[in-house]
Amino acid sequence: MRVLVKGAGVAGLTVAHELHVRGADVTVLDPCLKFDHAASWLAGGMLAPWCERESADEAVLRRGLDAADRWDAILPGEVARNGTLVVAPPRDHGELKRFAGRTSGYRLIEESEIAALEPVLAGRFRQGLFFPQEAHLDPRRALRRLQEKLLARGVAFAAMDVSEDDFSEIVDCTGAARIGHTPDLRGVRGEMLYLRTEEVALARPIRLLHPRIPVYIVPRGSGHFMVGATMIETEFDGPITARSLMELLNAAYALHPAFADAAVIETGAGIRPAFPDNLPRVTREGNVVVTNGFYRHGFLLAPAIAAETADLVLSEQSRQRSPRCA
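Let me begin by describing the structure that accompanies this report. These numbers come from a predicted model, not from an experiment.

Here we come to the sheet that holds strand 16 (residues 288-292). Spatially, the six strands line up as an open sheet ordered 8-2-1-9-16-15, and their pairing is mixed. One side of each edge strand has no neighbouring strand; the edge strands of this open sheet are strand 8 (156-158) and strand 15 (281-285). With direction set aside, neighbouring strand axes in the sheet form an average angle of 20°. As paired strands, strand 1 (residues 2-6) and strand 2 (residues 25-29) are joined by five bridges and run parallel to one another. Within strand 2, the position partnered with Val 5 by the bridge is Val 28.

If you want it as structure tokens, here you go:
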């Protein structure tokens, strides 16, 4: 069976991988195969189903529980299983209690254990929540490595000039490009930045709680940190705004003052596709299977949703080939 997968973000690549593993002949179509225009390129890469439950449906926790294991199977060695640390300034201690009340899978830790986990944060926070089973990966390394793996295994990549008539199935994973075409799909703007400093060392993602703009800071190695991300109900896809830049920088400074002297090496803004319930959907629209609506859970949910997509594609093909009963 020949399958055309449209879109080379995290959704498209994991769908292509899942279909290839199950025996399909897969071609991935995307006009920009360097990823830098994909929302996935700006992602945090946190495999944090328990933390995400603070603002997400139970289905996100259920589908994301084995995300780290699934990514380990896809790309061995890319997943860092160091957990997630959630902290809040003393004036926002109520936010820590609220977060704890809406999540599970954590233990409440005191100042000494915070210092043991992250020495650079010694003396900065009195309490925190540690989610030991959570993990993270570098989205950019993961996208590149997964593309390389697929190429090595015979999956074709094309930027244009592909005839859809040559394929028995088409899977659309084009994300925000389907806004206006798929009913109820909307865009949620996310903004982020990259900082570089040798004065801060972190082993795991840190979530800093704030009543207005909670943020996360994710270590990328070699003194690089990703700081994100805003969630703005708009489909404006221009550069990061001054307000968001200031808020993200202020949050980094609140975590550790050394970030004040960090170099801002990159800023970015992208549109996350989302449905009203903020959950991804796998549906059939005519002769096309559409996988979309990952909202802020792309890397967390992509492997599980890829499996659901492959189930639908292959079950449909099996049904079409089965002899009809008289």
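Further notes follow.
What follows is about the pattern of salt bridges. Where charged atoms from two side chains of opposite charge come close, those side chains can pair. Per the counting criterion, the structure on display carries 24 salt bridges. The salt bridge partner of Glu 308 is Arg 63, with a shortest N-O separation of 3.1 Å. With a gap of 245 residues between them, Glu 308 in helix 9 (residues 298-321) and Arg 63 in helix 3 (residues 58-64) connect regions that are remote in the sequence. Exposure remark for Arg 63: the relative accessible area of 21% places this residue in the partly exposed category. Among the salt bridges present, the one from Arg 81 reaches Asp 72, with a minimum N-O distance of 2.8 Å. Look at the salt bridges and you will find they share partners, linking Glu 18, Arg 22 and Asp 311 into a network.

For the pair helix 1 (residues 10-21) and helix 7 (residues 139-152), interaxial distance at closest approach is 10 Å and the crossing angle is 30°. When the interaxial angle is binned, helix 1 and helix 7 end up roughly parallel. Remark: the crossing between helix 1 and helix 7 carries left-handed chirality. Residues Val 10, Leu 13, Thr 14, Ala 16 and His 17 of helix 1 form the contact with helix 7, whose own contacting residues are Leu 143, Leu 146, Gln 147, Lys 149 and Leu 150. Partitioning the contact of helix 1 with helix 7 into residue classes produces six nonpolar, three polar and one charged.

Basis of the calculations
- All residue numbers here refer to positions counted from 1 along the written sequence of the relevant chain.
- Totals for whole chains, interfaces and linings use every residue, but because this is a predicted model, local features are given only for residues with pLDDT of at least 70 and side-chain atom pairs only at 80 or more, for both listing and counting.
- Note: side-chain values were computed over all heavy atoms of the structure, leaving out hydrogens and water.
- Pairing between strands is defined by DSSP: at least two bridges between the two strands are required.
- Here a strand is any run of E in DSSP of at least two residues, a helix any run of H or I of at least four, and the numbering for each starts at the N terminus.
- Throughout, an axis means a line fitted to C-alpha atoms (over the contacting stretch in the case of helices), and angles, computed between N-to-C directions, take values from 0 to 180 degrees.
- For this document, the term salt bridge refers to a Lys or Arg side-chain nitrogen within 4 Å of an Asp or Glu carboxyl oxygen.
- Burial status follows relative accessibility: with a 1.4 Å probe on protein chains alone, a residue under 20% of its type maximum counts as buried, one over 50% as exposed, and anything between as partly exposed.
- Should an angle fall under 35 degrees it is taken as roughly parallel, and over 145 as roughly antiparallel, whereas 65 to 115 is taken as roughly perpendicular and any remaining angle as oblique.
- Here a crossing is taken to be left-handed if its near helix is turned anticlockwise relative to the far helix by less than a right angle, and right-handed if that turn runs clockwise.
- For this analysis, residues touch if any pair of their heavy atoms sits within 4.5 Å.
- Asp, Glu, Lys and Arg are counted as charged, while Ala, Val, Leu, Ile, Met, Phe, Trp, Tyr, Cys and Pro are counted as nonpolar; the rest, among them Gly, fall into the polar class.

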